[in-house]
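What follows is the residue order along each chain.
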Amino acid sequence: MTLEFYGKKLGSRLLIGTALYPSPKILCDAVNASGSKLVTVSVRREAARERAGQGFWDLIKQLDVFVLPNTAGCKTVKEAVTTAQMARELFETNWIKLEVIANDDTLQPEIFGLVEAARILNDDGFKVFPYMTEDLGLAEKLVGSGCEVLMPWGAPIGSGQGFANPLALTTMRAYFPNIPLVIDAGIGAPSHAARAMEMGYDAVLLNTAIAKAGDPVKMGRAFARAIDAGRLAYESGLMEPRDMASPSTPVAGTPFFKIGDAS
Amino acid sequence: MKISVNGEAAETQAKNLQELCAALGHGHWQDRIATALNGDFVSVLARIGTRLNEHDSIEIVTPRQGG
């Protein structure tokens, strides 16, 4: 089944950030190699006459991908809402990755402000992609506010730890079978991305794992393959784990077998 | 008049936000900037009608890399 966000079809389940790359060219090459069709971007203060923003905008336009602006760094509802409004005008999209951050060390979502900001932005015509914890009560409130995509963290942003709470993420998938779910943050290796797919998540969003790799372009390809493998596995139906061994070779007809040997 | 632009103190004679942006080198309508005044978003079309006052705080932002 094709991935769809707010009625738009995406040809890839890998969503990637555009920060921290060694150069603009490597960023573009990595995005292309990864097959990603959605990149995240931000808004930042412009130094007068510097024109850095225009250069970055031209670069992103070349990539021919969906653009998802974020509200990274915002700590209050007001900051997040105003940043989203500025991003909508700058990037000509009503999609917003909504971040309201509680703490600089953990970059944990500030969930009360997140719900309030999501409600304001949904009412204002935005299509909100909330960066959130895996709490189901929070998820219910975000869906109730109008969010049609949820993006729980796997582990803290930039940590590369994979999944801090895999049980809760598995529960969330089961609880919301029909809402697109994206693991956002914490993915450090292609194996984490494959596991997210095997868990039935619809997509993964990551930045550092590709941008800070020794070879970001090759790592982009690695993530693309891991995601294909994980998704195929999920669609194929994974076997149930067992506590005890179970022989795969037929027992019947085993040479030298005697009834009394069976335990 | 004393104002703040992107967190730094500044002096301006600009009467409205559009004039201020132009004075700071963002005068062309195609310049890819977005603005806020005292924490509230001001759209590109509203800049010319947005008067500036002493001690106003202005944000001028552009597209940038993000995660």
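Residues numbered from 1 in each chain as written. Chains lettered and ligands numbered in written order. Predicted model: local features only at pLDDT ≥ 70, side-chain atom pairs only at ≥ 80, totals over all residues. Heavy atoms only, no water.

Chemist: In this structure, what is going on with the packing of aromatic side chains? I would like to understand it.
Modeler: The geometry of an aromatic ring pair comes down to the distance between the two centres and the angle between the two planes. All names here are of chain A. Within this structure, the stated rule accounts for 8 aromatic pairs over all chains. An angle of 50 degrees between the planes, with centres 5.9 Å apart, marks the rings of Trp57 and Phe91 as tilted. Here Phe91 lies in helix H3 (residues 77–91) and Trp57 lies in helix H2 (residues 52–63), a separation of 34 residues in the sequence. Taken as a pair, Trp57 and Phe91 share a single burial class, namely buried. An angle of 15 degrees between the planes, with centres 5.2 Å apart, marks the rings of Phe66 and Trp95 as stacked. With Phe66 in strand E5 (residues 66–69) and Trp95 in strand E6 (residues 95–98), the pair connects residues that are 29 residues apart, well separated along the chain. When its relative accessible area of 5% is taken as the criterion, Trp95 is described as buried. Sitting over the face of the ring of Tyr201, Arg173 holds its NZ or CZ atom 6.0 Å from the ring centroid. (Phe/Tyr/Trp six-rings, centres within 6.5 Å; stacked < 30°, edge-to-face > 60°. Helix = DSSP H or I, 4+ residues; strand = E, 2+ residues; numbered from the N terminus. Buried < 20%, exposed > 50% of the residue type's maximum accessible area, 1.4 Å probe, protein only. Lys NZ or Arg CZ within 6 Å of the ring centre and 35° of its normal.)

Chemist: Got a minute to help me understand the state of the cysteines in this structure?
Modeler: Joining two cysteines, a disulfide is a covalent bond between their sulfur atoms. If you walk through the whole model with that rule in mind, you get 0 disulfides over all chains. You can see Cys74 of chain A has no disulfide; the closest cysteine sulfur is in Cys147 of chain A, sitting 16 Å from it. The structure places no disulfide on Cys21 of chain B, whose sulfur is separated from the nearest cysteine sulfur, that of Cys74 of chain A, by 19 Å. For Cys21 of chain B, a relative accessible area of 0% puts it in the buried group. (Disulfide = S-S within 2.5 Å.)

Chemist: What is the right way to look at the environment of Leu98 of chain A in this model?
Modeler: Residues and elements named next belong to chain A. Within the element layout of this structure, Leu98 appears in strand E6. Along the chain, Leu98 and Val39 lie 59 residues apart, while their C-alpha atoms are 14 Å from each other. Leave out the neighbours within four places in its chain, and Leu98 touches Thr71, Ala80, Leu114, Ala117, Ala118, Leu121, Val128, Phe129, Pro130 and Tyr131. (Contact = heavy atoms within 4.5 Å.)

Chemist: So what exactly am I meant to see when it comes to the interface of chain B and chain A here?
Modeler: Accessible area lost upon the coming together of the parts serves often as the stated size of an interface. Taken together, the contact between chain B and chain A spans 28 residues of the former and 30 residues of the latter. Summed over both partners, the interface of chain B with chain A buries about 2500 Å², with 51% contributed by carbon and sulfur atoms. For the interface between chain B and chain A, the tally reads 5 salt bridges. Of the charged contacts in the structure, one is a salt bridge between Asp40 of chain B and Lys78 of chain A, with a shortest N-O distance of 2.2 Å. Joining chain B to chain A, the criterion identifies 20 residue pairs in polar contact (both at pLDDT 80 or more). At the level of secondary structure, the elements contributing two or more residues to the side of chain B that touches chain A comprise strand E3 (34–37), strand E4 (40–42) and strand E5 (57–65) of chain B. With 7 residues, the top contributor of residues to the side of chain B that touches chain A is E5 of chain B. Pairing of strand E4 (residues 38–45) of chain A with E5 of chain B involves 5 bridges; the strand directions are antiparallel. Across the sheet, the residue bridging to Ser42 of chain A is Arg64 of chain B, located in E5 of chain B. (Buried area = accessible area lost by both parts, 1.4 Å probe. Salt bridge = Lys/Arg side-chain N within 4 Å of Asp/Glu carboxyl O. Polar contact = N/O pair within 3.5 Å; in protein donor to acceptor, adjacent residues only side chain to side chain. Pairing = 2+ DSSP bridges.)

Chemist: What is the right way to read the pattern of salt bridges from this model?
Modeler: Close approach of charged atoms allows side chains with opposite charge to pair. On inspection of all chains with the given rule, the structure shows 14 salt bridges over all chains. One salt bridge in this structure joins Arg45 of chain A and Glu59 of chain B, with 2.7 Å as the shortest N-O distance. With Arg45 of chain A in strand E4 and Glu59 of chain B in strand E5, this pair bridges two chains. Glu59 of chain B sits in the partly exposed class, given a relative accessible area of 22%.

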